[in-house]
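# Fold and contact review
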Amino acid sequence: MNWVFSIYLLTTAISTPIYGKLSDQFGRKKVFIFGISIFLIGSILSGLANSMNVLILWRAIQGIGAGVIMPLSYTIIADIYSDENRGKILGLNGAVWGIASIIAPLFGGYIVDNLSWHWIFFINVPLGISVLIVFIISFKETKALVKNSVDYLGMIYLSLLLLFLMYIIQLISNLSNNWQPISYCTFISILLLILFVRREHCADNPIIPMKLMHNRTFVVQNIIAFLISGFLMGLEVYLPVWTQGIFGYPATASGFAITPTSILWILGAFVSGWLLSRMKPFYATMIGLFFILAAAIWVVLLPFNVSFGWFFAIAAVCGIGFGITITNGTVISQNSVDKGDIGVATSFNTLCRIFGQTLIVAVLGIVMNRQLKIGILHTDDSNMGMINKLVNFKTSHEIPAKLLEPLRTVLYNSLHKVFWVCLIIIIIAVLVNLYDRLSEK
């Protein structure tokens, strides 16, 4: 079942930088229409799937189309709006995305309960067609296109590299004791990375121009995007686990614990545009990181019997920080490269965010599972199955009463370790941003 999600994320990551480069060469409109069309085809076929293997295959197709959505949305915004207004528009875009991520799971649960899982995919069809109609009618592309050769070999190397990297992440997150396939995949990934870098140095029209890697500000902003996106996913995954497993709240109620993040993201994005117009990028990014660092420290210091209301406050502080930092990262990445590289720069920024979410969540999962196993070993008459029941509102009552508090303590200690790792991630992001400032001197 895990591959139903993983294959979608994998093909999205692979196609993201390729769409960015193709849009620079063939135009935003044609590439966006092509990507959405592939997404719709993948959605229809996924809804028609009659086995798990077939569903995984069509989800891969759907992911290939989905790779066009975020990077080209941001790139088109960069084409249309000035530097001063871009932060505000990106903030609105991010806020809509955040709100949708809250509403969609609730709506999806309703569809599954009252219709069938097939409609989870079919619902994309009328929405996608509406998007295409509005986009075709309203978007007038004025960007001059430059016809160049397409670096197909670079695309192949990059796709294979991302494929093996994502597979390594999956192997590690599964906590397998067999390190042989991980070592093989790591060796192949290193070889592919060498081949890709060599190819991009000599290609006439590289997928990812290596000159971007010599741009310190561009590299720093993308490292920060990688780290912050990982922390964001950690917060969205493990705060609800806390509210469900320790407070005993249902999943729907626990989801509201992170709702302020999406709402305050809008404010943070507007503040981002204001900050970038009045100070250097370093200071604007540091302000956003300060909010996230404060929230990370706050979470680490939370006691076992904390009030549910504190989660709203933490999520609100994070929302402001995310709105500033992630919007800053996109705008600064776009502004730090030549106009002809905006598409590939935006796609690379999106790719870093996807990898940050995938890799860091896998690491946090390893930390969480390891601490849970240690806690279970020191708790008599308990097992991991009880932890699964504990975090499910519908099954928590099946746990013997005498084990409820000990298991909740085990869960609290495990979550505490996870949030310590999250704090370290944010500290690293702050240090990376400081490095950019110190390097200027």
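Residues numbered from 1 in each chain as written. Predicted model: local features only at pLDDT ≥ 70, side-chain atom pairs only at ≥ 80, totals over all residues. Heavy atoms only, no water.

## Section: the overall build of the protein
Scanning the protein from terminus to terminus reveals 17 helices and 0 strands. Expressed as a percentage of the 441 residues in the protein, the buried residues total 52%. When the accessible surface of the protein is summed, it comes to about 20,400 Å², and 70% of that surface belongs to carbon and sulfur atoms. (Helix = DSSP H or I, 4+ residues; strand = E, 2+ residues; numbered from the N terminus. Buried < 20%, exposed > 50% of the residue type's maximum accessible area, 1.4 Å probe, protein only. Areas by Shrake-Rupley, 256 points an atom, 1.4 Å probe, with all protein chains shown as cover.)

## A short note on the pattern of salt bridges
Applying the stated criterion to the full structure yields 1 salt bridge. Linking Glu 405 and Arg 408 is a salt bridge whose minimum nitrogen-to-oxygen distance equals 3.7 Å. Residue Glu 405 and its partner Arg 408 are both found in helix H17 (residues 401-440); the two are separated by 3 residues, about one turn of the helix. According to the relative accessible area criterion, Glu 405 is partly exposed, its value standing at 44%. (Salt bridge = Lys/Arg side-chain N within 4 Å of Asp/Glu carboxyl O.)

## Describing the packing of aromatic side chains
Evaluation of the coordinates by the stated rule reveals 13 aromatic pairs. Between Phe 135 and Phe 139, the ring centres sit 5.0 Å apart and the planes meet at 20°, which makes this aromatic pair stacked. The pair formed by Phe 135 and Phe 139 is uniform in burial state, with each residue classed as buried. (Phe/Tyr/Trp six-rings, centres within 6.5 Å; stacked < 30°, edge-to-face > 60°.)

## Side note on the nonpolar core
By size, the foremost hydrophobic cluster in this structure holds 56 residues, and its most contacted members are Ile 228, Phe 231, Trp 242, Phe 311, Phe 322 and Phe 419. Mapped by element, the contributors of at least two residues to this core are helix H10 (216-245), helix H13 (281-300), helix H14 (309-335), helix H15 (342-377), helix H16 (384-390) and H17. Among the elements that line this core, the one with the most residues is H17, at 15 residues. Beyond its immediate sequence surroundings of up to four residues, Phe 419 is in contact with Tyr 238, Leu 239, Trp 242, Val 299 and Val 300. If you look at the next biggest cluster of nonpolar residues, it comprises 48 residues, including Leu 10, Leu 40, Leu 55 and Phe 121. (Core = buried A, V, L, I, M, F, W, Y, C linked by side-chain atoms within 4.5 Å. Contact = heavy atoms within 4.5 Å.)

## Topic: the environment of Thr 409
Within the secondary structure, Thr 409 sits in helix H17. On the basis of relative accessible area, Thr 409 is assigned to the partly exposed category, the value being 35%. Distance in space between the C-alpha atoms of Thr 409 and Gly 375 is 8.6 Å, their sequence separation being 34 residues.

## Some points on a nonpolar patch on the surface
A cluster of nonpolar side chains, namely Ile 129, Ile 133, Ile 136 and Ile 137, defines an oily patch on the protein surface of about 370 Å² accessible area. You can see Ile 137 is positioned in helix H7 (residues 124-138). You can call Ile 137 exposed: its relative accessible area is 57%. (Patch = residues over 30% accessible without salt bridge, like charges linked within 9 Å, V, L, I, M, F, W, Y side chains within 5 Å.)

## So, the side chain of Ser 15
Position of Ser 15 relative to the elements: it lies in helix H1 (residues 2-26). A polar atom in the side chain of Ser 15 sits 3.3 Å from the backbone oxygen of Ile 64. Contacts of Ser 15, omitting those with residues within four sequence positions, involve Gly 63, Ile 64 and Gly 67. (Polar contact = N/O pair within 3.5 Å; in protein donor to acceptor, adjacent residues only side chain to side chain.)

## Section: the layout of surface pockets
Taken as a whole, the second largest pocket spans an internal volume of roughly 500 Å³. Around the second largest pocket, the lining is made up of 19 residues, and of these Met 213, Phe 348, Leu 351, Cys 352 and Phe 355 lie nearest the centre. Tallying contributions element by element places H10 first for the lining of the second largest pocket, with 5 residues. Looking at the lining of the second largest pocket residue by residue, the classes come out as 18 nonpolar, 1 polar and no charged. (1 Å grid on protein atoms, 1.4 Å probe; cavity = no way out; pocket = protein on both sides within 12 Å on 5 of 7 lines; lining within 4 Å. Points joined across faces, edges and corners; volume = space filled by probe spheres on them. Nonpolar A, V, L, I, M, F, W, Y, C, P; charged D, E, K, R; others polar.)

## Brief notes about the packing of H13 against H14
For the pair H13 and H14, the least separation of the axes is 8 Å and the interaxial angle reads 155°. Comparing their axes, H14 and H13 come out roughly antiparallel. For the pair H13 and H14, the crossing hand works out as left-handed. Note on element contacts: H14 touches H13 through Trp 310, Ala 313, Ile 314, Val 317, Cys 318, Ile 320, Gly 321, Phe 322, Ile 324, Thr 325, Asn 328 and Ile 332, opposite Pro 281, Ala 284, Thr 285, Ile 287, Gly 288, Leu 289, Phe 291, Ile 292, Ala 295, Trp 298 and Val 299. Of the residues belonging to the contact of H13 with H14, the class tally is 18 nonpolar, 5 polar and no charged. (Axes fitted to C-alpha atoms, helices over the stretch in contact; angles between N-to-C directions. Parallel < 35°, antiparallel > 145°, perpendicular 65-115°, else oblique. Left-handed = near helix turned anticlockwise from the far one by under 90°.)

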